[in-house]
Amino acid sequence: DDQIELERASQHLPGGCCALAAIYLMGKFYVANAGDSRAIIIRNGEIIPMSREFTPETERQRLQFLALLRPELLGKEFTHLEFPRRIQPKELGKKMLYRDQNMNGWAYKKIEEDDLKFPLIFGEGKKARMMATIGVTRGLGDHDLKVFSSNIHIKPFLSCFPEVRVYDLTQYEHCPDDVLVLGTDGLWDVTNDKEVAGVVMEVLTSYEPNDPCRYTMVAQELVVRSRGVLKERGWRLANDKLGSGDDISVFVIPLGGPGNYT
């Protein structure tokens, strides 16, 4: 993250990205994620999550707590409190459900003038945005990112620190059909864990266990199915739903070699 900032200043290179890394060291996989990419292990048909997405919804309490500690970051345009919907001026003095950085559930509060500001976090699911701008709350770069038509910087709320999960390969017997799948959000936007596991099993069984290209073919098939087919109404999946419009990058890494196959 520091290196990206240096290059931004010296070479005028703006922008940012998420990061998902897997490191094999002394019999263990260390999977680090900062952003909304995802990693899963498929072992004997079982799905084992190795990461979680960092979005305004999943990191609500961290973001709200920072905004509470440093209200100047909100630029007098946002409130750190969350409401089920936007508050209207006519609702001043009325009671409305809300939650703050300490709450998992909701409670009632009397609406005040400050509550009319735009919420720090607004929307649900893939439509959730922080400061009405960005849907990912961890990653690298984005040092120049500001709220539209304002001078409010978003970078203080973006963390470059990943969450790391560890998987010990020595605890299990792995066959060539056991894999680690790494994918960007373009894959997971339209394909869930179970569907990915289904494609993995389908493709792997069509190749010999000692065929090294079988894993590349799985990755390719996951990309193709998530992108869909170009039709008159855009890219469409097999069920005619919209295909992914985002970047789709996929790695499929075997956990067991041919010698482990039974």
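Source: prediction; values computed, not measured.

Moving on: the overall build of the chain. Along the backbone of the chain there are five helices and 17 strands. Taken along the three principal axes of its C-alpha coordinates, the chain extends 70 × 45 × 40 Å. The buried share of the chain, taken over its 262 residues, is 42%. A sequence separation of at least 24 residues applies to 60% of the contacts in the chain between residues at least 6 apart. For the chain, the computed accessible surface area is about 14,700 Å², with 54% contributed by carbon and sulfur atoms. The distance from the centre of the 33 positive side-chain charges to the centre of the 38 negative ones in the chain is 8 Å.

The positions UniProt marks with the feature "domain: PPM-type phosphatase" (unreviewed entry) are residues 1-255. Within residues 1-255, the helical portion is 20% and the strand portion 26%, while the C-alpha atoms at the span's ends are 30 Å from each other.

The next point concerns the confidence of the model for the chain. Detailed reading of the predicted model is not advised wherever pLDDT is low. Predicted confidence across the chain gives a mean pLDDT of 91, with 98% of residues reaching 70 or more. Ranking the elements of the chain by mean pLDDT puts strand β16 (residues 234-236) last, at 77, and strand β14 (residues 179-183) first, at 97.

Procedures and definitions
Residues numbered from 1 in each chain as written. Predicted model: local features only at pLDDT ≥ 70, side-chain atom pairs only at ≥ 80, totals over all residues. Heavy atoms only, no water. Helix = DSSP H or I, 4+ residues; strand = E, 2+ residues; numbered from the N terminus. Buried < 20%, exposed > 50% of the residue type's maximum accessible area, 1.4 Å probe, protein only. Contact = heavy atoms within 4.5 Å. Areas by Shrake-Rupley, 256 points an atom, 1.4 Å probe, with all protein chains shown as cover. Lys, Arg positive; Asp, Glu negative; His and termini not counted. Charge placed at Lys NZ, Arg CZ, Asp CG, Glu CD. UniProt positions renumbered as here; feature names shortened; annotations may be inferred. pLDDT = per-residue confidence, 0-100.

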